[in-house]
Every structure is written in structure tokens, then in C-alpha cells.
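Residues per chain, in single letters:
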Amino acid sequence: MSSKIENVQKQLLSDNWYVLHKYTYDLIKNNGERQPQVREVYDRGNGATILLYNRHKKTVLLINQFRMPTYVNGNATGMLLETCAGLLDDDSPEECVRKEAIEETGYVVGPVQKLFEAYMSPGSVTEIVHFFAAEYDESQRAYSGGGVDDEDIEVVELPFTQTLEMIKDGRIKDGKTIMLLQYAQTQGWMA
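Presented here is a report on the structure given in the accompanying data block. All values derive from a computational prediction rather than experimental measurement.

### Let's talk about the packing of aromatic side chains
For step 1, the next point in the chain: For the coordinates displayed, the defined rule picks out 8 aromatic pairs.
For step 2, the next point in the chain: Here the aromatic rings of W17 and Y18 are separated by 5.6 Å at their centres, their planes lie at 80°, and the arrangement is edge-to-face.
For step 3, the next point in the chain: Overall, the relative accessible area of 66% leaves W17 in the exposed class.
For step 4, the next point in the chain: Here Y18 falls in the partly exposed class, since its relative accessible area comes to 24%.
For step 5, the next point in the chain: Where F116 meets F131, the ring centres are 4.5 Å apart and the plane angle is 25°; that geometry is what we call stacked. One end of the pair, F116, is in strand β8 (residues 113-119); the other, F131, is in strand β9 (residues 128-135), with 15 residues separating them in the sequence.

### Some thoughts on helix α3 (residues 160-169)
Every α-helix winds through 3.6 residues per turn, so residues three or four apart in the chain are directed the same way.
For step 1, the next point in the chain: Buried within α3 we find F160, T163, L164, M166 and I167. Buried positions in α3, seen along its axis, are confined to an arc of 155° and lie on one side of it. Projecting away from the buried face of α3 at angles above 90 degrees are the exposed residues T161 and K168.
For step 2, the next point in the chain: Here the buried face of α3 lies against β5 (59-66), β6 (79-82), β10 (154-159) and α4 (175-187).
For step 3, the next point in the chain: One or two positions beyond α3, positive phi appears at G170, with a value near 90°.

### Remarks on the nonpolar core
Across soluble globular proteins, nonpolar side chains show a tendency to be buried alongside one another.
For step 1, the next point in the chain: L51, V60, L81, F160, I172, L181 and W189 are the most contacted members of the largest nonpolar core, which totals 22 residues.
For step 2, the next point in the chain: Those elements giving two or more residues to this core turn out to be β4 (47-54), β5, β8, β9, β10, α3 and α4.
For step 3, the next point in the chain: Leave out the neighbours within four places in its chain, and L81 touches L62, I63, N64, V156, L158, M166, R171, I172, D174 and T177.
For step 4, the next point in the chain: Membership of the second largest hydrophobic core comes to 16 residues, among which are L52, C84, V97 and F132.

The rules behind these values
Residues numbered from 1 in each chain as written. Predicted model: local features only at pLDDT ≥ 70, side-chain atom pairs only at ≥ 80, totals over all residues. Heavy atoms only, no water. Phe/Tyr/Trp six-rings, centres within 6.5 Å; stacked < 30°, edge-to-face > 60°. Buried < 20%, exposed > 50% of the residue type's maximum accessible area, 1.4 Å probe, protein only. Helix = DSSP H or I, 4+ residues; strand = E, 2+ residues; numbered from the N terminus. Arc of directions from axis to C-beta. Contact = heavy atoms within 4.5 Å. Core = buried A, V, L, I, M, F, W, Y, C linked by side-chain atoms within 4.5 Å.

The following block contains the structure:
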């Protein structure tokens, strides 16, 4: 079962924040039928995220920050509780999560574990997110965190069991964060 495309045409719609293109193409379906398609594709680069957890205290470090798209989609405050993350830019995924951890949480992480990669919204966004985890303790805290430049980030330490309840009751709605917390649960890191 392999579809392929032909006659691809690409039109730039915006390069204001990141890049938005309109693609027109023919999809060759499995039965050989040619089907014209039009899709808009948003390219913002690839990213990485990290779950910082403390096995002894049974806690995780999350960040709380304003996210305009969630506000537009009904999140009254626009605030979103999530794992620290960022775009790779010219960094490797591991370099990215180390940099984001210090900038956003104030913690210098030690050994990190690469868990998996995932397309987060493959119907319209090119981004692949690289998922990591690392243990933390107070000795790794270099400063209070809070982000850089125009970021306004609150660092939040929560009991792991509470985060699972927060997923159930809707206080945690960020996909990457849910994936990492549930991964930690399946691995028994906080058992």
C-alpha cells in the first residue's frame, strides 16, 4: 500500500513567523486513480522536548506559559502547562533540550535519555518532535528559570500522581506533555 504524488506545485503563502506553503498535486491512489489535492503546509522546523523528573521526590518539572493558539481556540487564559521544549534551529535534538531546560527551568540536566520521535500534527505541520527524559535534583539548579528574551515562563514542580489527575480533568492538555507523562507511567519511573 503505497500512495505517491505527481505534478507538485508549491506556492508561498506566508513567511511572516515561519513558512506557510500551498501545495497542489495529484495523489495516485492504490487503485491507480489520480486524485487532485490541495493542502497548506506549515513549516516551523523540528523541535525537541524533555521531561524532567525526580524519582526520589516523585515529582516532575513543568512550565506554564501563554500560548496564543490555545487562547484563540477557547483556553480563556491562554496559559498552558507543558514540558520544556523548543525548536532545534541549528542545534542537535539533545543540545536543544539541554539549552531549553536551563533557559526555561533553570536546571542544568545531566544524562538525558532519547525516548522517541513523533509528528505532532502531520495533517498540516512538518515538525517532528524529539522526546527526551532526564532526572533532576536541586543540586542541578543554576537559577530560577523563566525563559529568555520575550518569554514569560513560570516553573512548576508537581507530584507525578497529580499530573496524571491533571490529564484526566483537563488541566494538562499539551500533547507532548501528556505523551511524556504517560511514557513515564508505563515505565514505572515514579512507582
